[in-house]
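So the chains spell out like this:
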Amino acid sequence: MLNENAHVPTDNNNNSLLSRSEQQQPQYTNKDDNNNQLPLFIAVHCGAGNHSTQNHSTYEQLMSQSIQYTLNKYFNNNYDNSDNNNNINEMIIKSLNACSYCLSLLENSPFTNAGYGSNLNRIGQVECDACLCYNTIYSNNNYNNLNNKINKLYTSVSSIYGVYNPILLCNLLLQDIYYNGSYFNNKLIKPIHLSGYGGIYYLNNYSNLNSNLNNNHQLIYSNDNKNLLISDKSKFEYNKYISLLNNNNNSINSNNINNSINSNNINSNTNNIFYDTIGCILYYNGILISGLSSGGLLLKIPGRVGEASIYGSGTICEEFNNILFTSNFSGIGEDIMLNQMSNYLKNEILINDNTMESILPNLVLNNSINNNSINGNNGMIDIYDKHLVGCLCCKIYDLNYLEFGYLHSTNTMAISYYSSNNNKNRNVDNNGNNIKSFISKLGNNKEYVCKIKSFKL
């Protein structure tokens, strides 16, 4: 079991925003021009909303580092062609580990609303949601050595507490099924979704695979303590907004509010609110992975489940005619779930072969989704003033041609991506790596931002 202090990093104004153990990783270099390199693409986001301007560089650095360390750890051999089509199982597990690891680094940061430092619910506790899914093209190409012939799978958790890295728990559930089948020894069915105390119970009673994952430094630390993941920042935000809520409801006298909280002591304001589900999309040589993790809405009702744990809403990984597609959402979860937005994009972009440019805006324009919408009427279900969402999506065809799109209707969305063969978007760092990190901004009088990029990997 990992030491609590070693596993959860704190912001100490150092250059790196990740834990000390991660800072010790060697630098990844992309200097090999070998034409046999395998196609690789990684994209992450730190949510859609209204990121404080003074923290933009912090989020950009955090996202870049999460991708950088993932490359260091899992893809140093990407250019020696060590993976090939005869090792599909290894590539799938490697990709799952890489995606979940990348997200776990973001979970560990107090600057994100996932894992440690998540938003607190109405009674001051952390409850997290997460989902991990994958799909491959290999099932249609006579690759019969897939474990249990599983070319597609997803697992998720909701309202989990006491687990430092919810996304690693999803990875644990998924790999247990992938390696060992869908039944326990006594023929009871293994879960693909756990909620509440189920996460800690599973870790305490089925720890063998958890120990195996420790060989990849992905051991999950857990404790039956609902205060385990609370940071000073999240505690401050909770005290601030619960007092505003209570004042608005005239339920308490303002003199009873915790007087030790002073807004002058911590740089925070009511505008720095964002629906900050974090996400990662990873594509590696015919294997597509998507992961989401979130602490949910601030002051949510205990037990509330968000889009980050719902396959077909917050994320999806699907294959059709050897074309892969995934989407990865952030925003008002109820809106995303109500309209099953990931499923909608899959139907329109993958199945019906519409362009991203023509379909993505439909997510945020009221009454725009057509009769093919999953809700079956003439438009999106509009129960909110505005569809406040952010989305990343990828479509992969011919193995190494990738289309990447993003859209958001919120003021900002924090995005970063890496391409294994994208000389036009080399990172601004000193190592010349192809990592691009930025805060996309809505701009005045605009309803949304929608950008599409194409890559030959």
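Numbers given for residues are sequential positions, taken from 1 along each chain in its written order. At least 70 in pLDDT is required for a residue's local features to be given in this predicted model, at least 80 for side-chain atom pairs to be given and counted, and no such filter applies to totals for whole chains, interfaces and linings, which use all residues. Excluding hydrogens and water, the side-chain values take into account all heavy atoms of the structure.

Helices and strands together make up the secondary structure of the protein chain, namely 11 helices and 13 strands. Residue exposure (1.4 Å probe, protein chains only): buried if accessible area is under 20% of the type maximum, exposed if over 50%, otherwise partly exposed. Within the span of the protein chain, comprising 457 residues, buried residues form 59% of the whole. Between two residues, a contact is recorded if the distance between any of their heavy atoms is within 4.5 Å. In the protein chain, the proportion of contacts linking residues at least 24 apart, taken out of those at least 6 apart, comes to 75%. Residue exposure ignores everything except the shown protein chains as possible cover, and the areas themselves are Shrake-Rupley values with a 1.4 Å probe. In the structure as shown, the protein chain presents an accessible area of about 18,800 Å², 41% of it carried by carbon and sulfur atoms. Numbering of helices and strands runs from the N terminus; a helix is a DSSP stretch of H or I covering at least four residues, while a strand is a stretch of E covering at least two.

Our focus in this paragraph is the packing of helix α4 (residues 88-107) against helix α5 (residues 166-180). Fitted lines through C-alpha atoms give the axes, limited to the stretch in contact for helices. The angle between two N-to-C directions lies from 0 to 180 degrees. The interhelical angle for the contact between α4 and α5, taken along N-to-C directions, is 165°, at an axis separation of 8 Å. In terms of their interaxial angle, α4 and α5 are classed as roughly antiparallel. For the crossing formed where α4 meets α5, the hand is left-handed. In contact with Asn89, Ile92, Ile93, Leu96, Asn97, Ser100, Tyr101, Leu103, Ser104 and Glu107 of α4, α5 contributes Pro166, Ile167, Leu168, Asn171, Leu174, Gln175, Tyr178 and Tyr179. Each residue gets one of three labels, nonpolar for Ala, Val, Leu, Ile, Met, Phe, Trp, Tyr, Cys and Pro, charged for Asp, Glu, Lys and Arg, and polar for the others, Gly among them. Across the contact of α4 with α5, the residue classes break down as 11 nonpolar, 6 polar and 1 charged. Our angle categories are set so that under 35 degrees counts as roughly parallel, over 145 as roughly antiparallel, 65 to 115 as roughly perpendicular, and the remainder as oblique. We call a crossing left-handed when the near helix sits turned anticlockwise from the far one by less than a right angle, and right-handed when that turn is clockwise.

Now for the sheet that holds strand β4 (residues 193-195). Note on pairing: two strands pair once DSSP finds at least 2 bridges between them. Pairing in this open sheet of 8 strands is mixed, and the strands run β4-β3-β2-β6-β5-β1-β11-β12 from one edge to the other. The outermost strands of the open sheet, each flanked by one partner alone, are β4 and β12 (435-441). The mean inter-strand angle of the sheet, taken between neighbouring strand axes irrespective of direction, is 10°. Across the sheet, helix α3 (residues 56-74) lies against β1 (40-49), β11 (412-419) and β12, angled at about 150° from β12, the strand it touches most. Most of the contacts of α4 go to strand β5 (residues 278-284), to which it runs at about 155°, and overall it touches β1, β2 (128-136), β5 and β6 (287-294).

So, on to the packing of aromatic side chains. Centre distance within 6.5 Å is the pairing criterion for rings of Phe, Tyr and Trp, where only the six-membered ring of Trp is used; planes under 30 degrees apart are then read as stacked, over 60 as edge-to-face, and the remainder as tilted. Within the structure shown, the criterion is met by 16 aromatic pairs. Between the aromatic rings of Tyr197 and Tyr201, the centroid separation amounts to 6.5 Å while the plane-to-plane angle is 55°, which identifies the pairing as tilted. Taking the relative accessible area as the measure of exposure, Tyr197 reaches 40% and is therefore partly exposed. Tyr201 sits in the partly exposed class, given a relative accessible area of 42%.

This paragraph deals with unusual backbone geometry. Even without a glycine there, the phi angle at Asn321 is positive, about 55°. Summarising the element assignment, Asn321 is placed in the loop between β7 (315-320) and β8 (323-331). Judged by relative accessible area, Asn321 falls into the exposed class, the value being 59%.

A few words on the side chain of Thr315. With respect to the helices and strands, the residue Thr315 is situated in strand β7. Using a relative accessible area of 0% as the deciding quantity, one classes Thr315 as buried. Contacts described as polar in this section are N or O atom pairs within 3.5 Å, which, within protein, must combine one atom able to donate a hydrogen with one able to accept it, while residues neighboring in sequence count only if both atoms come from side chains. A polar side-chain atom of Thr315 sits 2.8 Å from the main-chain carbonyl oxygen of Ser327.

Here the focus is the environment of Lys152. Within the fold, Lys152 resides in strand β3 (residues 152-160). Note: C-alpha distance between Lys152 and Ile287 (135 residues apart in sequence) is 9.8 Å. For Lys152, the contacting residues outside a window of four places in its chain are Tyr134, Asn135, Tyr311, Cys317 and Glu318. Side-chain polar atoms of Lys152 contact the side chain of Glu318, separated by 2.7 Å.

Further remarks concern the nonpolar core. To define a nonpolar core, start from buried Ala, Val, Leu, Ile, Met, Phe, Trp, Tyr and Cys residues and group those joined through side-chain atoms within 4.5 Å. In terms of nonpolar packing, the biggest core is built from 105 residues, with Phe41, Ile42, Leu345, Leu363 and Phe404 touching the most fellow members. Per-element tally for this core: the top contributor is α4, with 12 residues. Each residue touching Phe41, except ones within four places of it in the same chain, is listed here: Ile281, Leu282, Tyr283, Cys394, Leu402, Phe404, Tyr417, Tyr418, Ser419, Phe455 and Leu457. Val126, Leu229, Ile230 and Tyr238 belong to the second largest nonpolar core, which has 12 residues in total.

One open sheet holds the 5 strands; their spatial order is β7-β8-β9-β10-β13, and the pairing between them is antiparallel. In the strand order of this sheet, the two ends are held by β7 and β13 (449-456), each with one partner. Direction aside, neighbouring strands of the sheet carry axes that sit 10° apart on average. Examined bridge by bridge, β8 and strand β9 (residues 389-397) share 8 bridges and lie antiparallel to one another. Of the residues in β9, the one forming a bridge with Asn328 is Leu392. Packed on one face of the sheet, helix α10 (residues 341-351) meets β7, β8 and β9 and runs near 150° to β8.

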